[in-house]
Amino acid sequence: MTVLEPTSAPRAPGAAFIFKKALISALVALVLFSLMIGIRTEAGPTGQLIYWTRFGDLAALVAAVFAGSIAVELLRWRWGPVGMVRIVPPGVTSALALARRAIAPLLLIFALLVPVIFYDQRYILDLGILVLTYVMLGWGLNVVVGLAGLLDLGYVAFYAVGAYSYALLATNFGLSFWICLPLAGILASLWGVMLGFPVLRLRGDYLAIVTLAFGEIIRLVIINWQSLTGGPNGVSGIPRPTMFGIPLTPGDDGLAAKLGIEFSTTHRIVFLFYIILALALLTNWVTIRLRRLPIGRAWEALREDEVACRALGINITTTKLTAFATGAMFGGFAGAFFATRQGFISPESFTFQESALVLAIVVLGGMGSQLGVALAALTMIGGFELFRGLEQYRMLVFGVAMVLLMIWRPRGLIGHRAPTVFLKHSQEISSDLVKEGHG
Amino acid sequence: MDYFAQQLINGIVLGSIYGLIAIGYTMVYGIVGMINFAHGDIFMIGGFIALISFLILVSIGLTAVPVILLIVLLVSMAITALYGWTVERIAYRPLRHSFRLAPMLSAIGMSFVLSNFSQVAQGARVKPVPPIITGGYTLLDQNGFVVRLSNVQIIVVITTIVLLLIFTWMVSRTRLGRDMRACEQDQTMAALLGVDVDRTISMTFVIGSALAAVAGMMYLLYYGLVDFYMGFVAGIKAFTAAVLGGIGSLPGAMLGGLAIGLIETLWSAYFSVEYKDVAAFSILIIVLIFMPTGLLGRPEVEKV
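Residues numbered from 1 in each chain as written. Chains lettered and ligands numbered in written order. Predicted model: local features only at pLDDT ≥ 70, side-chain atom pairs only at ≥ 80, totals over all residues.

A.B. asks: Any chance you could break down the interface of chain A and chain B for me, citing the residues and the numbers?
C.D. replies: Taken together, the contacts link 49 residues of chain A with 55 residues of chain B. If you tally residues by element for the side of chain A that touches chain B, the top one is helix α7 (residues 204-224) of chain A, at 12 residues. Looking at the side of chain A that touches chain B residue by residue, the class counts come to 36 nonpolar, 6 polar and 7 charged. (Contact = placed C-beta atoms within 7 Å. Helix = DSSP H or I, 4+ residues; strand = E, 2+ residues; numbered from the N terminus. Nonpolar A, V, L, I, M, F, W, Y, C, P; charged D, E, K, R; others polar.)

Encoded structure:
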């Protein structure tokens, strides 16, 4: 990070200026909320719409906007103009560099130890499984969006394909989780290729809308093909995974009985935790390895400039298709895991919101940074959980957080690019310097 | 044949509503180059505001339907336009020169904010309204097959046509329209020549949102209900319409809207209602395979 001295201290804005700005914001808020908050409508008992006024709430909200606007102005003045680089003492810089190198192994060790530390806390274990599922999805989508630069808004489709593959294979043919897991991955990657073919020629936002449409098509087909998928009722009674044939049940052939320990439902949760941890690490490992292979380099080249790629003789078709297939395969694995963990799946779990959430994790993580994606998943899902009590406001807060995070760090939490190939030493550069083609 | 004529009428009415929303998408895309994911929710907000202002006007004893409709139209256009302006100001302007995905994610976030805001503010249940405009004409009546054109349908189509004419005039003849076209071609050059780019972009959002508000009100009149979730599906369809017509092209947006409306209606009439959205999306994918820039879009010039 370069260190620059600000040429002059920012001048304090006058009180009148701040007041005027706050007044305008409050006025705008008054108009915006006048009908939406001030009047509450509801269908009455006879089907007739009734309404009542809530001017108290309206006044409180407008006052809050007024106060908030003053606070934001004052903060902005204190923090100085946008783009000013703060001076960081060298000691802190080196400490930060050390922390950054240490954070990945520390996180990994922590993740491995979670079931040991929080053995008694079912809630934390469940949350950990959820976070790891999203870490895995984020890493999977990272192959498509972060590495190959193909904007995919329908990633949840592959998650759904994986989940339904396992659910249907297991409930109809009685196949075990460990046989279905690779099958789910293969099926999902086939769908990835199927999506990939038509969109080969599309770029940027056209690609985004087609992938979105694809995700919606898959969801709508799942809802409407009732004879196969059970429609909106979903598939229930999905078998739990076994530890290589030994079920984790209280019966005589269960794992607890064989090991001679007392049965506890926590065993299964811990087992699931380690499965998803292993799957996520597999995703990460494969991605890191692939980045060093010609195909991974072709992905990154494609992200930076598609035209140049073509000029250099890189086969765009196979490059794009493999990216879609690889990303989709990991989505399929995660889906199969989701199905076995929940024991029940329905189309409601595979809405556009999930795609948006996973995409937000990837972008917030810094597009291509494996560590960034993990941290972003932890932040988003963990933050999401904090608001579990406020069920009604949860998505609202999530949306606000998404907007604020994007404004605060448009390049994501880890906005640095480490080159895959280098001559003498790896020099990280800020992503702001990376000019991406519109792939 | 009668059945087909009836479905054609229904499709055109639905297509007009989609077209009005699609214009907002295509305008914003043309100027800022981003998918305004929150636009569908702006449409939903427009519907809600129309509903609430309608309720107030009726309860204070106004009975003249044309007066009510006019006031509701103006109020919902004004307030919804302010929503569009605020959304641009808060969520998009700080990210204007950021990299491509940032404004899009912020738009998705804003879409969640708007839909959940109205869920929190107005409750999750569907809000029905009694039919405001009744009556209509029977165009054809033979062998029990009746082709009807209701007054609501006439109003929807006429409003759409009038708005489109005003809008086309504005883009092609006024100072603002010229500024908008200039910003669309080259923002830096436009700014150098004295165009206030920020203001022009804000006005684009204001106009797009006002049109979405009209669409919201028409939806309310036509279907007689609003709910907080309707913005998402309508938004995706309208965006599909904009892409189908060639994003960035205004006549394309209207054409795409009509196409999507007709496909949806005819598919539900002749094949299955459940798969109407699948049909619309599949058509989108097929059109894009053979015409990657949509029906009326300009081919993108690749520069190295």
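Still more ground to cover, so stick around.
A.B. asks: Would you mind going over the confidence of the model for chain A in detail, with residue names and values included?
C.D. replies: Residues at a pLDDT of 70 or more form 90% of chain A, whose mean pLDDT is 84. Predicted confidence for residues 1-9 of chain A stays below pLDDT 50, and this span has 8 contacts to residues more than four positions away or in other chains. (pLDDT = per-residue confidence, 0-100.)

A.B. asks: Residue-level account of the nonpolar core, with values.
C.D. replies: I276 and I361 of chain A are the most contacted members of the largest nonpolar core, which totals 210 residues. When residues of this core are assigned to their parent elements, the largest contribution, 16 residues, is made by helix α8 (residues 197-223) of chain B. The residue makeup of this core includes at least three contributed by each of domain 1 (15-79) and domain 2 (111-433) of chain A. The contacts of I361 of chain A, once residues within four sequence positions are left out, are Y134, G138, V373, A376, A377 and M380 of chain A. (Core = buried A, V, L, I, M, F, W, Y, C linked by C-beta atoms within 7 Å. Buried ≥ 20, exposed ≤ 12 C-beta atoms within 10 Å, placed from the backbone. Domains from an automatic or database assignment.)

A.B. asks: I'd like to hear about the domain arrangement of chain A, residue by residue, with values.
C.D. replies: Interface extent is often summarised as the accessible area lost during association of the parts. Partitioning chain A into structural domains gives domain 1 (15-79) and domain 2 (111-433). On a C-alpha basis, the centroid separation for the pair domain 1 of chain A and domain 2 of chain A is 39 Å.

A.B. asks: Got a sec to walk through the packing of helix α1 (residues 2-32) of chain B against α8 of chain B? Specific residues and values, please.
C.D. replies: Residue and element names in this part refer to chain B. Their axes nearest at 9 Å, the elements α1 and α8 cross at an angle of 165 degrees. It follows from the interaxial angle that α1 and α8 lie roughly antiparallel. The crossing of α1 and α8 is left-handed. Grouping the constituent residues of the contact of α1 with α8 by class yields 19 nonpolar, 4 polar and no charged. (Axes fitted to C-alpha atoms, helices over the stretch in contact; angles between N-to-C directions. Parallel < 35°, antiparallel > 145°, perpendicular 65-115°, else oblique. Left-handed = near helix turned anticlockwise from the far one by under 90°.)

A.B. asks: Report on the environment of F281 of chain B, specifying residues and quantitative values.
C.D. replies: Tracing the backbone shows F281 of chain B in helix α11 (residues 276-290). Residue class for F281 of chain B comes out buried when judged on the 24 C-beta atoms lying within 10 Å of it. Once the C-alpha coordinates of F281 of chain B and G15 of chain B are considered, the two residues, 266 residues apart in sequence, prove to be 15 Å apart. Ignoring anything within four residues of it in the chain, the contact list for F281 of chain B reads A213, E216 and I217 of chain A together with T240 of chain B.

A.B. asks: Can you explain the pairing of strand β1 (residues 39-43) of chain A? Please cite residues and give values.
C.D. replies: All names here are of chain A. By the bridge criterion, 5 bridges tie β1 to strand β2 (residues 49-53) in an arrangement that is antiparallel. Paired with R40 across the two strands is W52, which belongs to β2. Here β1 folds back onto β2, and the loop between the two strands holds 5 residues, one of which, G47, carries a positive phi near 90 degrees. (Pairing = 2+ DSSP bridges.)

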